[in-house]
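# Per-entry structural report
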Amino acid sequence: MIKIEDLKVSQLFLFKEQSYTGRCNVVYNNHAVEFYELSDEQRNLFMEDVATVAKAIAKAFNPTKINYGAYSDTLSHLHFHIVPKYKEGYGFGGIFEMNPQKTYLSDTEYESVIEKIKANL
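Residues numbered from 1 in each chain as written. Predicted model: local features only at pLDDT ≥ 70, side-chain atom pairs only at ≥ 80, totals over all residues. Heavy atoms only, no water.

Looking at an unreviewed UniProt entry, the chain carries the name HIT family protein, with the source organism given as Flavobacterium piscisymbiosum.

Dropping the structure here:
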């Protein structure tokens, strides 16, 4: 992942594998494994960060739909995958693949994606 920016209670990262253009992770700053471990205030701020990122991705890339994932079977830290899906794009209509290993970008292309997201935060 490539760090993009600090948010209210989390950090925003660009997922390096970009089969879903603009895919990011929002990673909670403090240690938590389960969503229910957060206080109401922490949960609301974290979900505000998730919504802020989703809105920025929607503005930057105009996806047909955004999928959200919070799996963490093997990584014991609370985070959300923000996965834009495009009607004619990879995996549309199904569950997104965690890491399809199909699309990696050049440094310049990563910078361009990051700048589009940052411009809309």
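## Re the packing of helix H1 (residues 40–61) against helix H2 (residues 107–119)
With their axes 8 Å apart at the nearest point, H1 and H2 run at an angle of 115° to one another. At the point where H1 passes H2, the crossing takes the right-handed sense. For the pair H1 and H2, contact is made by Ala56, Ile57, Ala60 and Phe61 and by Val113, Lys116 and Ile117, respectively. Looking at the contact of H1 with H2 residue by residue, the classes come out as six nonpolar, no polar and one charged. (Axes fitted to C-alpha atoms, helices over the stretch in contact; angles between N-to-C directions. Helix = DSSP H or I, 4+ residues; strand = E, 2+ residues; numbered from the N terminus. Left-handed = near helix turned anticlockwise from the far one by under 90°. Contact = heavy atoms within 4.5 Å. Nonpolar A, V, L, I, M, F, W, Y, C, P; charged D, E, K, R; others polar.)

## Some details on the sheet that holds strand S5 (residues 79–85)
With respect to topology, five strands assemble into an open sheet ordered S1-S2-S3-S5-S4, the strand pairing being antiparallel. In this open sheet, the two strands that pair with only one neighbour each are strand S1 (2–6) and strand S4 (65–69). Going across the sheet, the axis of each strand differs from the next one's by a mean of 25°, ignoring polarity. Sheet topology note: the S4/S5 ladder contains five bridges and is antiparallel. (Pairing = 2+ DSSP bridges.)

## Concerning H1
Counted at 1.5 Å a residue, the expected span for H1 with its 22 residues is 32 Å, and the 31 Å between its end C-alpha atoms agrees. The set of residues buried in H1 consists of Phe46, Asp49, Val50, Val53, Ala54, Ala56, Ile57 and Phe61. Down the axis of H1, the sector holding all buried residues measures 160°, keeping them to one side. Of the exposed residues in H1, the ones pointing more than 90 degrees away from its buried face are Asp40, Glu41, Lys55 and Lys59. The secondary structure elements touched by the buried residues of H1 are strand S2 (10–14), strand S3 (24–28), S4, S5 and H2. (Expected span 1.5 Å × (residues − 1). Buried < 20%, exposed > 50% of the residue type's maximum accessible area, 1.4 Å probe, protein only. Arc of directions from axis to C-beta.)

## Concerning the packing of aromatic side chains
Summed over the entire model, instances satisfying the criterion amount to five aromatic pairs. Between Phe35 and Phe80, the aromatic rings sit 6.1 Å apart at their centres with planes inclined by 65°, giving edge-to-face as the arrangement. In this pair, Phe35 is assigned in the loop between S3 and H1 and Phe80 in strand S5, connecting sequence segments 45 residues apart. Overall, Phe80 belongs to the buried group, its relative accessible area being 12%. Ring pairs connect the aromatic residues Tyr28, Phe35, Phe46 and Phe80, which therefore count as one cluster. We note Arg23 situated over the ring of Phe15; from NZ or CZ to the ring centre the distance is 3.8 Å. (Phe/Tyr/Trp six-rings, centres within 6.5 Å; stacked < 30°, edge-to-face > 60°. Lys NZ or Arg CZ within 6 Å of the ring centre and 35° of its normal.)

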